Amino acid sequence: MKREIRVEDLVIEVRENLRRKRNVGFLFQPNGRLILDTPPRVERSVLKTMVRENLGWIRLRLRKVREEARVHPPLRIHNGGHIPYLGENLVVLWVKSEKSRVHRAGKVLEVHAPNARHVRRLVLEWYPGRASRAFAKQVERWAGLPWLRTRFKSWRHQYTRAQWGSCSEDGHVLFNTHLVKVPERLVEYVVLHELCHLKVHNHGPKFYSLMHEHMPDWEERRRELNDYQQILFGD
Ligand SMILES: [Zn+2]
């Protein structure tokens, strides 16, 4: 059974989490609801008091996540819909045709297909190819970094919901295919970040000074990229 508590006009779901030992987690959902992630067997009255004491902050956060969900709505791919591509919003236009293909013309993504039902699948198949090109371009852009010659073995990309990129100590780099949806300067940032890890494997001061040296505004780009987290949970 779902447990809920009410405080003023807020209805808040309570989820007991056996792995939680002490603190209560506040999970703000894009639909504007709050879930309390609590250790087992916390009294309702304790939770209510906790919510009441943090009410101002809670309302502010709820408003923020709702606004964010409006700016970056979850992706729904269909004829006439919009999809993100390298920071732009393309209109998806179904063009009736026997042969299936996807063709970008400026701000319009023409999806040629016998039936509008195929539009979503074709767009989802189109993204990875574009992602390969975007990553190849950025890897090429940074090819002059002196440590790459000996430490960089390969790169590839795949969809993940967890992180924008990762790399292994033996020189293999993995990028998140979802990055094809964000502005190119943010792709550039992620690629540099992973390539810098091939020289410094942690997030210590040496790593950040390396980032500064090659991309003085990397922090601003990282902040910008945070605004796109929602994309990780779309199609
Ligand atoms: Zn890192």
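Residues numbered from 1 in each chain as written. Predicted model: local features only at pLDDT ≥ 70, side-chain atom pairs only at ≥ 80, totals over all residues.

Here we come to the overall build of the protein chain. Counting its regular elements, the protein chain contains seven helices and 11 strands. Taking 235 residues into account, the globule formula puts the C-alpha radius of gyration at 18 Å, and the protein chain, at 22 Å, lies well above it. Viewed in the frame of its principal axes, the protein chain has a C-alpha envelope of about 60 × 55 × 30 Å. Buried positions account for 19% of the 235 residues belonging to the protein chain. The long-range fraction of contacts in the protein chain, counting pairs at least 24 apart against all pairs at least 6 apart in sequence, stands at 45%. (Helix = DSSP H or I, 4+ residues; strand = E, 2+ residues; numbered from the N terminus. Rg over C-alpha atoms; globule rule 2.2 N^0.38 Å. Buried ≥ 20, exposed ≤ 12 C-beta atoms within 10 Å, placed from the backbone. Contact = placed C-beta atoms within 7 Å.)

Domain parsing of the protein chain yields domain 1 (3-71) and domain 2 (82-233). On a C-alpha basis, the centroid separation for the pair domain 1 and domain 2 is 34 Å. (Domains from an automatic or database assignment.)

This part covers the sheet that holds strand β3 (residues 25-28). One open sheet holds the four strands; their spatial order is β1-β2-β4-β3, and the pairing between them is mixed. At either margin of the open sheet sits one strand with a lone partner, and together these are β1 (3-7) and β3. Pairs of neighbouring strands in the sheet enclose a mean axial angle of 30 degrees, with direction left out of account. (Pairing = 2+ DSSP bridges. Axes fitted to C-alpha atoms, helices over the stretch in contact; angles between N-to-C directions.)

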